[in-house]
Amino acid sequence: MGTPHLQVRPGNPDFLDLPWADPVEAWQSERLVDMPTGMHRHPVVFVAYDEGVYAIKELPRRLAEAEFSVLRSLEERTGLAATPAGLVSRDWLESGAEQGGAVITRYVEHSFPYRHLVSGPGFGRRRGQMLDAIAGLLVDLHLAGCFWGDCSLSNVLYRYDAGAIEAIMIDAETSELHPGLSEGQRLQDLEIMKENLAGEMADIAAEHDLEIDAADLGLGEGVEERYDSLWRELNEDLVISANERYRIRQRIARLNELGFSVGDVDLAPVGEDDRVRMRVRVGGRTFHSQRLGELTGIEASENQARHILSDLNYFIAKSGKTSSTGKTVAVMSWLTTCYEPLLARISQVWKGNPIQGFCDLLQFRLTVAGARGADVPNDEAFLLWSEAGFPGFAVR
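Note that the structure is a prediction, hence the values are computed from the model and not measured.

Student: Can you tell me about the environment of L361, naming the residues and giving the values?
Tutor: Inspection of the secondary structure assignment puts L361 in helix α9 (residues 354–372). Judged by its relative accessible area of 3%, L361 falls in the buried class. On a C-alpha basis, the gap between L361 and R106 in space is 28 Å, while along the polypeptide they are 255 residues apart. Dropping the residues within four chain positions of it, L361 is found in contact with L342, I346, A381, F382 and W385.

Student: Can you lay out the sheet that holds strand β6 (residues 101–106) for me, pointing to particular residues and giving the numbers?
Tutor: Strand order in this open sheet of 6 strands is β1-β5-β6-β4-β3-β2, and the pairing throughout is antiparallel. Looking at the sheet topology across the chains shown, the edges are occupied by β1 (5–8) and β2 (32–33). When β1 meets strand β5 (residues 84–89), the two strands line up antiparallel, connected through 4 bridges. Bridging from a neighbouring strand, V8 pairs with G86 of β5.

Student: Account for the packing of aromatic side chains, with residues named and values stated.
Tutor: What the rule picks out here adds up to 13 aromatic pairs. Note on Y339 and F358: the rings are 5.0 Å apart at their centroids and 75° apart in plane angle, and the pair reads as edge-to-face. Here F358 lies in helix α9 and Y339 lies in helix α8 (residues 324–349), a separation of 19 residues in the sequence. Both residues of the pair, Y339 and F358, count as buried. Between W350 and F390 the ring centres are 6.4 Å apart and the planes differ by 85°, which places this aromatic pair in the edge-to-face class. One end of the pair, W350, is in the loop between α8 and α9; the other, F390, is in the segment after α10 (378–387), and 40 residues separate them in sequence. Of the aromatic side chains, those joined through ring pairs into one cluster are W350, F382, W385 and F390.

Student: Give me empty space enclosed by the protein: which residues, what numbers.
Tutor: Taken as a whole, this structure holds 1 cavity of 30 Å³ or more when the rule is applied. Forming the boundary of the largest cavity are 18 residues, of which H40, V44, A55, T105 and I170 lie nearest the centre. Counting only elements with at least two residues in the lining of the largest cavity, the list comes to β3 (44–49), β4 (52–59) and β6. In terms of residue class, the lining of the largest cavity is built from 11 nonpolar, 3 polar and 4 charged.

Student: Now, about helix α1 (residues 61–75): what can you tell me, with residues and values included?
Tutor: The end-to-end C-alpha distance of α1, which contains 15 residues, comes to 21 Å, matching closely the 21 Å that a straight helix rising 1.5 Å per residue would cover. What α1 keeps buried is the set R61, L63, A64, E67, F68, V70, L71 and L74.

Student: Requested: an account of the environment of K351, with residues and values cited.
Tutor: Its location among the elements puts K351 in the loop between α8 and α9. The class for K351 is exposed, based on a relative accessible area of 88%. For the pair formed by K351 and A317, sequence separation is 34 residues and the distance between their alpha carbons is 32 Å.

Student: Outline the side chain of R186, listing residues and values.
Tutor: Locating R186 in the fold gives a position in helix α3 (residues 183–207). Ignoring sequence-local partners within four residues, the contact set of R186 consists of H142, L181, Y227 and W231.

Student: Report on unusual backbone geometry, specifying residues and quantitative values.
Tutor: Here the phi dihedral of H110 falls at roughly 60°; this positive angle occurs in a residue that is not glycine. The topology assignment puts H110 in the loop between β6 and α2 (127–143). Classification of H110 as partly exposed rests on a relative accessible area of 39%. For A162, which is not a glycine, the phi torsion comes out positive at approximately 55°.

Student: Lay out the layout of surface pockets with the relevant residues and their values.
Tutor: In this structure, the largest pocket occupies an estimated 970 Å³ of space. Surrounding the largest pocket, 31 residues form its lining, G79, T83, R159, E299 and A300 being those nearest its centre. Of all the elements in the fold, those that place two or more residues in the lining of the largest pocket are α1, β8 (156–161), β9 (164–169), α6 (287–296) and α7 (302–319). Among the elements that line the lining of the largest pocket, the one with the most residues is α1, at 3 residues. Within the lining of the largest pocket, the residues separate by chemical class into 12 nonpolar, 10 polar and 9 charged.

Scoring rules and cut-offs
- Residues numbered from 1 in each chain as written.
- Predicted model: local features only at pLDDT ≥ 70, side-chain atom pairs only at ≥ 80, totals over all residues.
- Heavy atoms only, no water.
- Helix = DSSP H or I, 4+ residues; strand = E, 2+ residues; numbered from the N terminus.
- Buried < 20%, exposed > 50% of the residue type's maximum accessible area, 1.4 Å probe, protein only.
- Contact = heavy atoms within 4.5 Å.
- Pairing = 2+ DSSP bridges.
- Phe/Tyr/Trp six-rings, centres within 6.5 Å; stacked < 30°, edge-to-face > 60°.
- 1 Å grid on protein atoms, 1.4 Å probe; cavity = no way out; pocket = protein on both sides within 12 Å on 5 of 7 lines; lining within 4 Å.
- Points joined across faces, edges and corners; volume = space filled by probe spheres on them.
- Nonpolar A, V, L, I, M, F, W, Y, C, P; charged D, E, K, R; others polar.
- Expected span 1.5 Å × (residues − 1).

So, in structure tokens, the structure goes:
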């Protein structure tokens, strides 16, 4: 008794120095740190190692095993779920005991719970970003064949993503993975989401001593509307004739613009004429982040990557180096003369994610350049940005 069965993934500590003989809520350890978090039905603590900060959620062994398995599979299908680091089994306890197991995940850097966004009884000007973030997360999970079963504001962490908000699933104990979801499974997941969000918004209104009528009970319906619009665009079939093959490229470009990678393109004949029905297999929202990583090695979220790529492509265009070798040289020049020096300066004055700060600076520089009608050098843009109090993207 006291030493659990630990399954730890490579690249993480062994976690053996933690007091596993005790429930996590009773831990006394120098490893414990306070991190922003939301509401949880099971105890959660955070521990710090040289490798990073980790969240440890304690729950019955069967649920822990199921959640760890889902998160591992989702890691290969989407980048919008917590990264599992380890599974803990306290074999001396019954499998149904509340302290029977634990899931260890990497803490989502630069993230915050939904209450960080609450303004009064609701989300104020951030409401549109919240709708987009949750709808996009649900679409991404459903494309990956994941039935969540408990989508709520509390089961998600959020982080700023250039001019948007990104939502990351952190609770998968009720989730199921399938080769694909049926219409009924998707609709059921949406109904659960709407019910959960309405309850949470009612709780927020109650905390502000407001009547239930003042609660933003339609938040879930707003998410559903955006979800439906995005789902239709990703899954609609396109019928084209032989002389309209350019529409295939247009469709792929549109999906890439939305951030989704495109896998196989299926072209099936329609009737006996020259028309074909185009159907695409859509992957996760990683198109721009993967492209940026391939070119530069920079790890950024999807919208951040989109803005950084715009700056990089503009730099390449100005360099006039259009050959493959020339572009490679231009990318290295951009990294060493633009990105890395600016990121170093931002890191000295920016409290949050420096990559988000870099995107905010790009947006500010673009605004100033537009007002002047001329490019603004990076050094001058940084000075003006700091003097203005580091303004970021306008809130939609």
